[in-house]
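Letter by letter, the chains look like this.
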Amino acid sequence: MLPTTLSSLHSTNVTLTPSLSPLSPFSPSSSSFLSLSPSSSTQRRRRLNSLCVFGDTHLRISPKPKGLRVKCLVSEPLKVMISGAPASGKGTQCELIVQKFGLVHISTGDLLRAEVSSGTEIGNKAKEFMNAGCLVPDEIVTAMVTARLSREDVVERGWLLDGYPRSFAQAQSLEKLKIRPAIYIVLDVPDEILINRCIGRRLDPVTRKIYHIKNFPPETEEIKARLVIRPDDTEEKVKSRLEIYKQNSEAISSTYLKIMTKIDGNRPKEEIFKEIESFLLQVQKDKEKMEKSGNTLLESKSHKIQTSASEDNWRGIPTKLNNIPHSREIRDYFYKDVLDATQRAINDGRIRLKVENNIPELNPEMDVYRIGTLMELVRVLALSFADDGKQVKVCVQGSMGEGALTGMPLQLAGTRKILEYMDWGDYGALGTFIKIGSVGAKEVDEQDDMFIIVAPQNAVGNCIIDDLKAMTDAAGNRPVILINPRLKDLPGSSGIMQTMGRDKRLEYAGSFQNCYFFRLLYYAGTQYPIMGALRMSYPYRYELYKRVDEPSGKEKYVILSTFTERPTTDEINDAFQGKPSVMIKPIHFINKCRNEAKNTSGIWGFLSGIF
Ligand code: AP5
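Just so it is clear, the model here is predicted, and its values are computed rather than measured.

Enquirer: What is the right way to look at the overall build of the protein chain in this model?
Expert: Tallying secondary structure elements over the protein chain gives 20 helices and 17 strands in all. Looking at the protein chain as a whole, 53% of its 611 residues are labelled buried. Residue pairs at least 24 apart in sequence account for 72% of intrachain contacts in the protein chain once pairs closer than 6 positions are excluded. Element-wise, carbon and sulfur atoms account for 53% of the exposed surface of the protein chain, whose accessible area totals about 27000 Å².

Enquirer: Teacher, can you tell me more about the confidence of the model for the protein chain here?
Expert: Low pLDDT marks stretches whose predicted atomic positions should not be read closely. When the pLDDT values of the protein chain are averaged, the result is 76; 74% of them are 70 or greater. Segment residues 1-74: pLDDT under 50, and 208 contacts once partners within four positions in sequence are set aside and those in other chains are kept. Low pLDDT, under 50, characterises residues 581-611; the stretch is placed with 78 contacts to residues that sit more than four places away or in other chains.

Enquirer: Help me understand the site of the ligand in this model?
Expert: The environment of the ligand is made up of 34 residues, and the closest members are Thr 92, Cys 134, Arg 166, Arg 201 and Arg 241. The separation between a nitrogen atom of the ligand and a polar main-chain atom of Val 136 is 3.0 Å. The contact in question runs from a nitrogen atom of the ligand to an N or O atom on the side chain of Gln 170, over 2.8 Å. When the ligand sits alone it has 1000 Å² of accessible area, and the protein chains cover 95% of it.

Enquirer: Hey, could you run me through the sheet that holds strand E4 (residues 159-162) in this one?
Expert: Each strand in a sheet pairs with its neighbour through backbone hydrogen bonds, running either in the same direction (parallel) or in the opposite one (antiparallel). Strand order in the open sheet made by the five strands is E3-E4-E2-E5-E8, with parallel pairing throughout. Strands at the two margins of the open sheet, each flanked by one partner only, are strand E3 (104-107) and strand E8 (260-264). Averaged over all pairs of adjacent strands, the angle between their axes in this sheet comes to 20°, without regard to strand direction. Relative to strand E5 (residues 183-188), strand E2 (residues 79-84) runs parallel, the two sharing five bridges. By the bridge assignment for E5, Gly 84 is matched with Leu 187.

Enquirer: I would appreciate a short explanation of the side chain of Gln 343 in the present structure.
Expert: In this structure, Gln 343 sits in helix H13 (residues 328-347). On the basis of relative accessible area, Gln 343 is assigned to the buried category, the value being 18%. The residues contacting Gln 343, other than those within four sequence positions of it, are Ser 384, Phe 385 and Asp 388.

Enquirer: Is there a simple way to think about the packing of H13 against helix H14 (residues 371-387) in this case?
Expert: How two helices pack is summed up by the angle between their axes together with the distance between the axes. At a minimum axis separation of 10 Å, H13 and H14 run at an interaxial angle of 40°. On the basis of the axis angle, H13 is oblique to H14. Relative to H14, the crossing made by H13 is right-handed. Only Thr 373, Glu 376, Leu 377, Val 380, Leu 381, Ser 384 and Phe 385 of H14 make contact with H13, whose side of the interface consists of Arg 328, Arg 331, Tyr 335, Val 338, Leu 339, Thr 342, Gln 343 and Ile 346. Considering only residue class, the contact of H13 with H14 consists of eight nonpolar, four polar and three charged.

Enquirer: Explain helix H5 (residues 138-149) to me, please; I cannot follow it from the model alone.
Expert: Structural remark: α-helix, 3.6 residues per turn; residues separated by three or four positions point the same way. The terminal C-alpha atoms of H5 lie 16 Å apart, and with 12 residues this matches the ideal 16 Å at 1.5 Å per residue to within 8%. On its buried face, H5 sits against E3, helix H3 (108-118), helix H4 (121-131), helix H6 (152-157), E4 and helix H7 (168-176).

Enquirer: Explain the packing of aromatic side chains here, please?
Expert: Aromatic ring pairs are defined here through the distance separating the ring centres and the angle between the ring planes. The final tally for this structure, using the stated rule, is five aromatic pairs. Ring geometry for Tyr 333 and Phe 334: centres 5.0 Å apart, planes at 90°, overall edge-to-face. Phe 334 sits in the buried class, given a relative accessible area of 0%. Between Tyr 508 and Phe 512, the ring centres sit 5.6 Å apart and the planes meet at 85°, which makes this aromatic pair edge-to-face. Residues Tyr 508 and Phe 512 agree in their burial class; the two are buried. Of the aromatic side chains, those joined through ring pairs into one cluster are Tyr 333, Phe 334 and Phe 518. The positively charged end of Lys 269 is found above the aromatic ring belonging to Phe 216, 4.2 Å away from the centroid.

Enquirer: Explain the pairing of strand E9 (residues 352-358) to me, please; I cannot follow it from the model alone.
Expert: Side-chain positions along a regular strand alternate between the two faces of the sheet. With seven of its seven residues buried, E9 lies for the most part within the structure. Here E9 shows a buried face lined by Arg 352, Lys 354, Glu 356 and Asn 358 and a second buried face lined by Leu 353, Val 355 and Asn 357. In the sheet, E9 pairs with strand E13 (residues 480-483) via four bridges, with the strands oriented parallel. The residue of E13 that forms the bridge with Lys 354 is Leu 482. In this sheet, strand E14 (residues 513-523) lies alongside E9 in parallel orientation, the contact comprising six bridges. Residue pairing in the sheet places Leu 353 in a bridge with Gln 513 of E14.

Enquirer: I tried to follow the pattern of salt bridges on my own but got confused; where do I start?
Expert: Opposite charge on two side chains allows them to pair when their charged atoms are near. Scanning the entire structure with this criterion turns up 35 salt bridges. A salt bridge links Lys 336 to Asp 340, with the nearest nitrogen and oxygen atoms 2.7 Å apart. Here Asp 340 and Lys 336 lie together in helix H13, a separation of four residues that amounts to about one turn. For Asp 340, a relative accessible area of 15% corresponds to the buried category. Arg 535 is the salt-bridge partner of Asp 337, the closest N and O atoms lying 2.8 Å from each other. With a gap of 198 residues between them, Asp 337 in helix H13 and Arg 535 in strand E15 (residues 532-537) connect regions that are remote in the sequence. Side by side, Asp 337 and Arg 535 carry an identical accessibility label, which is buried. Three or more residues joined by partner-sharing salt bridges are found here, namely Asp 188, Lys 262, Asp 337, Arg 535 and Glu 543.

Enquirer: How do you make sense of helix H18 (residues 569-576) when you look at a structure like this?
Expert: In terms of burial, H18 is a largely internal element, seven of the eight residues being buried. Note on H18: the residue one or two positions beyond its end, Gly 578, has a positive phi of about 75°.

Enquirer: Mind showing me how you'd approach the packing of helix H8 (residues 191-200) against helix H10 (residues 235-256) here?
Expert: Where H8 meets H10, the axes come as close as 10 Å, and the angle between the chain directions of the two elements is 135°. Taken together, H8 and H10 sit at an angle that is classed as oblique. H8 and H10 meet at a crossing whose hand is right-handed. Contact residues: Asp 191, Leu 194, Ile 195, Cys 198 and Ile 199 in H8; Glu 235, Val 238, Lys 239, Arg 241, Leu 242 and Lys 246 in H10.

Enquirer: What is the right way to look at the environment of Ser 254 in this model?
Expert: The residue Ser 254 is located in helix H10 in this model. For Ser 254 and Val 558, which are 304 residues apart along the polypeptide, the C-alpha to C-alpha distance reads 7.4 Å.

Enquirer: Is there a simple way to explain the environment of Glu 356 in this structure?
Expert: Looking at the secondary structure, you find Glu 356 in strand E9. According to the relative accessible area criterion, Glu 356 is buried, its value standing at 2%. As for Glu 356 and Tyr 516, which are separated by 160 residues in sequence, their C-alpha atoms are 6.0 Å apart. There is a polar contact of 3.1 Å between the side chain of Glu 356 and the side chain of Asn 514.

Conventions and cut-offs
- Residues numbered from 1 in each chain as written.
- Predicted model: local features only at pLDDT ≥ 70, side-chain atom pairs only at ≥ 80, totals over all residues.
- Heavy atoms only, no water.
- Helix = DSSP H or I, 4+ residues; strand = E, 2+ residues; numbered from the N terminus.
- Buried < 20%, exposed > 50% of the residue type's maximum accessible area, 1.4 Å probe, protein only.
- Contact = heavy atoms within 4.5 Å.
- Areas by Shrake-Rupley, 256 points an atom, 1.4 Å probe, with all protein chains shown as cover.
- pLDDT = per-residue confidence, 0-100.
- Near = heavy atom within 4 Å.
- Polar contact = N/O pair within 3.5 Å; in protein donor to acceptor, adjacent residues only side chain to side chain.
- Pairing = 2+ DSSP bridges.
- Axes fitted to C-alpha atoms, helices over the stretch in contact; angles between N-to-C directions.
- Parallel < 35°, antiparallel > 145°, perpendicular 65-115°, else oblique.
- Left-handed = near helix turned anticlockwise from the far one by under 90°.
- Nonpolar A, V, L, I, M, F, W, Y, C, P; charged D, E, K, R; others polar.
- Expected span 1.5 Å × (residues − 1).
- Phe/Tyr/Trp six-rings, centres within 6.5 Å; stacked < 30°, edge-to-face > 60°.
- Lys NZ or Arg CZ within 6 Å of the ring centre and 35° of its normal.
- Salt bridge = Lys/Arg side-chain N within 4 Å of Asp/Glu carboxyl O.

Take a look at the structure:
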């Protein structure tokens, strides 16, 4: 039970050894943090397209196992679980996985549909649930799955379980039988895409192949003529299936947290498969290594080792975040996390974005705030977009009053100079693809493709929103990304902010969409210990984590709940107290934030960086 409301202070007085699973493909650099140089020689190699200078890109971050081949396993075949919302592409990916890895595909949906079309007793019972878009009772499905799992072909070739478990009880049934996968893959796709996919889905009753009227149309007119629509693929039923999925998914994930791998399912299917394939090859490789080293694959031991092998792929929250300064691994984890989210948002055509990354080193409220970390983050983003041939303008607000130093926020003083002195790589990115500027309409040049604005903020007596708005107006459809903005209303020297009306200012600040959000959670009024974390990476949901101490002296972050919008303090407290998750009402984001900004207590009221 939480005795008080959670707040967001950061403790700085504990020194703990940092530990981070080797998730980040950024290699720890020997270069000093304070030197502000790119973190590896690979990263320094730049591709400046129009200058015809080519090299590896600054951050090519998806791990691509090279030279690996699928080999026949002597003892334990692969065991894989795939999960995701309706129409997230499970069936489509399973087809490709089976082709490559030869696993036995067990889809509870397919098994049930086969029972229905054969008119068996099970089928007759299941039919009404399925057609209504509800889950078929556990006992029917579990009996069907466990019977199928015990068949000879499955034992020999391994299994690919699709659509099971779909509830906590089903997951527990498998646990009791010690039936565990080596990897739990979750396909993540935004809701609106899912609905469109379901409505357009068509099935070939002869080959069982899945088509989509727009995305994957049938190859011939003959196939087209025989395609059928699933009875549960209406918009209304899809929405109900989606809700059921969301209600259950967190409880299931908690069973497989350590071996869970989330994959962005909103990409071309070949691209998704490539990523899945690399994970499966890695799991196979680890198993082969283990077998070579002569380990006996007793069920319990095998699970333990498989778990740790797969942990390499688990993109969880780095631990020991109270350790200051943050290690290179921790910083790289967050740079990569922010970069991935920002790239996805830009690729989706979003143009008004904000990143709020409040790890202790990036929280200006703290006495451990490090401008160097902020500058490194900005450099990672700018260089990555420059790699793609974009002209990036990195902007730092200057003086907002009369004279050079009036209205200069403390943490931005001298920042522009630091940016100019930083190492931007060996290929002259600075001055060609990356330019440094200030905030305002006149900073927008025709050749600029996008703008990264470093910590724009209001100061008492000065409002940056005027300049910012003029700049975004001039930028038009070009992306503008705010990094750790602080656009909350502050009083003007005359007691009133001078720009627009308060509502208009807040509305403008709220027009920037979060593409990344990370904040640690503490009890209100305390600085230690960290209770948990809230993370959002576009286009996914807000993830609420609880920090858990382990007997070994280590710690881990366990996911408690996810939210479509940033959760309120009450929602966070409810999740920590184990109350059933409240369905988030579709309140408009701006109104929600506005209301929260008025509240002066609790996590959101405390923060000055919400807008
Ligand atoms: P089930 O058949 O498992 O349905 P589901 O989980 O809702 O998943 P879908 O089959 O709808 O989608 P999918 O993720 O396989 O996507 P697909 O590849 O087809 O279950 C049906 C029902 O059975 C349940 O509602 C329930 O009643 C019952 N049931 C099943 N398991 C149960 C259990 N364990 N307990 C209780 N009841 C259970 O792709 C969808 C569409 O998108 C296709 O048209 C495809 O071409 C397209 N597409 C796929 N990938 C992409 C891509 N990358 N880009 C663009 N389009 C794509």
